[in-house]
Amino acid sequence: MNQFILKDPWWLLALAVLPLAIWLRGRRSVPVLLVPFAASWHRPSLTSLSRWPVALAVTGLILLIFALARPQRVEDKREVHSQGYDIMLAIDLSTSMLSEDFERDGERINRLQAIKPVIQAFIEQRPADRIGIVLFSGRAYTMAPLTFDHDWLASQLERMKIGMIEDGTAIGDGLGVALTRLEQAKRENSGKRQGAFVVLLTDGSNNRGSLNPEQAAELAKARGIPVYTVGAGQVGYVHFPIFDQSGRKVGYRRIASDLDEDALRSIADTTGGRFFRSTDTKTVESAFRAIDKAQKIEFQAKSYLITTELFIWPAAPGLFAILLAALLGTGRLARGRAIRPPVNPQLART
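The rules we used
Residues numbered from 1 in each chain as written. Predicted model: local features only at pLDDT ≥ 70, side-chain atom pairs only at ≥ 80, totals over all residues. Heavy atoms only, no water. Helix = DSSP H or I, 4+ residues; strand = E, 2+ residues; numbered from the N terminus. Buried < 20%, exposed > 50% of the residue type's maximum accessible area, 1.4 Å probe, protein only. Contact = heavy atoms within 4.5 Å. Areas by Shrake-Rupley, 256 points an atom, 1.4 Å probe, with all protein chains shown as cover. Axes fitted to C-alpha atoms, helices over the stretch in contact; angles between N-to-C directions. Parallel < 35°, antiparallel > 145°, perpendicular 65-115°, else oblique. Nonpolar A, V, L, I, M, F, W, Y, C, P; charged D, E, K, R; others polar. Pairing = 2+ DSSP bridges. Salt bridge = Lys/Arg side-chain N within 4 Å of Asp/Glu carboxyl O. Core = buried A, V, L, I, M, F, W, Y, C linked by side-chain atoms within 4.5 Å. Phe/Tyr/Trp six-rings, centres within 6.5 Å; stacked < 30°, edge-to-face > 60°. Lys NZ or Arg CZ within 6 Å of the ring centre and 35° of its normal.

K.L.:
Provide a residue-level description of the overall build of the protein chain, including the pertinent values.
P.N.:
Of regular secondary structure, the protein chain possesses 10 helices and 15 strands. Taking all 350 residues of the protein chain together, 38% fall into the buried category. In the protein chain, once contacts between residues fewer than 6 apart in sequence are set aside, the share between residues at least 24 apart is 79%. In the form shown here, the protein chain has an accessible surface area of approximately 20,800 Å², with 56% of it arising from carbon and sulfur atoms.

Right under this line is the structure:
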């Protein structure tokens, strides 16, 4: 942020003296030589003040007074030396995420509809972090690599829907792909990944994939990456929608939730993260708020001011104007002396 100030503004009071000085200068009598018979060659320019030298002198004085007030440009510089986290979100897109055991504004919504806005809010609250997304169901794939472009990430979240991947719940593979996306040699210290963590959200138990959750958790532990697990959905039987061939909802059937809470707790405990059980929209929001608070970098910003003196800009033309006024005044005086009339000999004899 730039701003302009006057370091010594009291110098501007001198501007009030200038009109008085000009008025006194105008009242001062100008000496003339009274010579008989001189009216025929008398020139008014010898006795009147020259306008240009006075105007230049006054302008120069105004500029010099402004320069003495020391105009300055002040820049406020801020430097941030800390860097944010790298975060991978591993999100379950299995068919069971269609279960409608959440509510919003009195209306029943499914688990994916409940978590989408919460994830979006989490991303918006961490502008300094690189965030990526891994989706998993029967297999896992990267929807968005680590990026600072959170607007693009939001558009990717809007594309997320159940049915994008073959059905199943490959929790171990989802965590494994997320860990792979966090591999960066320049951010490792003694084999441990620095400044990174994973948020794993699921509503089921591992039943597909080549990597089981325990193996994935050990990989995360070996790399020093904490995993925060979120188990979504209510306990017991929940409403699962029934669709016709055209995709319209025609009814519900009740299915049993099969969340493997023990496996999610084990992943969190093994890696140094934390497990959250989310049975409604409020608990989902509180879970992500807790994760945001637990893994938040405190940025140390260094602020300082850069001051640039600007007095040279009014001082230089001010001095030039005064010098030019002096030169013009000297030229007028010299020409006046050059045309002064000779003394009358008859007067000299008398």
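K.L.:
Before we move on, can you summarise the packing of helix α3 (residues 111–124) against helix α4 (residues 150–159) with the specific residues and values?
P.N.:
Running from N to C, α3 and α4 cross one another at 170°; their axes reach a closest spacing of 11 Å. Between α3 and α4, the interaxial angle falls into the category roughly antiparallel. Across the interface between the two elements, K116, I119, Q120 and I123 of α3 pack against H150, L153, A154, L157 and E158 of α4. Partitioned by chemical class, the residues of the contact of α3 with α4 number 5 nonpolar, 2 polar and 2 charged.

K.L.:
Lay out the sheet that holds strand β3 (residues 86–92) in plain terms, naming residues and giving numbers.
P.N.:
Strand order in the open sheet formed by 6 strands is β7-β6-β3-β10-β11-β14, with mixed pairing between adjacent strands. The open sheet is flanked by β7 (140–147) and β14 (275–278), the only strands paired with a single partner. Here the strands of the sheet are splayed against their neighbours by 15° on average, with no regard to which way each runs. One ladder, built from 4 bridges, connects strand β11 (residues 227–232) with β14; its direction is parallel. Note that in β14 the partner of T229 across the bridge is F275. Running at roughly 30° to β7, helix α5 (residues 171–181) makes contact with β3, β6 (130–136), β7, β10 (196–202) and β11 of the sheet.

K.L.:
Let's hear about the pattern of salt bridges: which residues, and what values?
P.N.:
Within this structure, the stated rule accounts for 15 salt bridges. Notably, a salt bridge pairs R130 with D86, separated by 2.9 Å at the nearest N-O pair. Residue R130 is located in strand β6, and its partner D86 is located in strand β3; the two are separated by 44 residues in the primary sequence. Owing to a relative accessible area of 16%, R130 belongs among the buried residues under this scheme. The buried category is assigned to D86, whose relative accessible area is 0%. Taking the shortest distance from any N to any O, the salt bridge between R111 and D101 comes out at 2.9 Å. With R111 in helix α3 and D101 in the loop between β3 and β4 (102–104), the pair connects residues that are 10 residues apart, well separated along the chain. An identical accessibility class is assigned to R111 and D101; each is buried. Salt bridges linked by common partners bring D8, R70 and E309 together as one network.

K.L.:
Can you break down the side chain of T169 residue by residue, with the values?
P.N.:
For T169, the position within the fold is in the loop between α4 and α5. Under the relative-accessibility criterion, T169 is labelled buried at 6%. For T169, the contacting residues outside a window of four places in its chain are D92, S94, F136, S137, G138, T202, G204, S205, N206, N207 and R208.

K.L.:
Could you give an account of the environment of L13, with specific residues and numbers?
P.N.:
Mapped onto the elements of the fold, L13 is located in the loop between β1 (2–6) and α1 (17–27). C-alpha of L13 to C-alpha of A69: the two residues are 56 residues apart in sequence and 9.9 Å apart in space.

K.L.:
Give me the nonpolar core: which residues, what numbers.
P.N.:
Counting 35 residues, the largest nonpolar core has L89 and I133 as the members making the most contacts within it. At the level of secondary structure, the elements contributing two or more residues to this core comprise β3, α3, β6, β7, α4, β10, β11 and α8 (281–294). In terms of residue count, α3 provides more of this core than any other element does, 7 residues in total. I133 has contacts with M88, L89, I91, T142, M143, A144, L153 and L157, leaving out every residue within four places of it along the chain. Of all hydrophobic cores here, the second largest spans 24 residues; its members include M88, A196, L200 and I267.

K.L.:
Can you lay out the packing of aromatic side chains for me, pointing to particular residues and giving the numbers?
P.N.:
Across all of its chains, the model carries 4 aromatic pairs by this definition. The interplanar angle of 25° and the centroid separation of 5.1 Å between the aromatic rings of W10 and W11 together place this pair among those described as stacked. Residue W11 is classed as partly exposed on the basis of its relative accessible area, which comes to 30%. Both rings, one in F197 and one in Y228, keep their centres 5.7 Å apart while their planes meet at 75°; by these two values the pair is edge-to-face. With a gap of 31 residues between them, F197 in strand β10 and Y228 in strand β11 connect regions that are remote in the sequence. Using a relative accessible area of 0% as the deciding quantity, one classes F197 as buried. Counting every residue linked through ring pairs, the aromatic cluster contains Y85, F197 and Y228. Over the aromatic face of Y252 sits the side chain of R108, whose NZ or CZ is 5.1 Å from the ring centroid.

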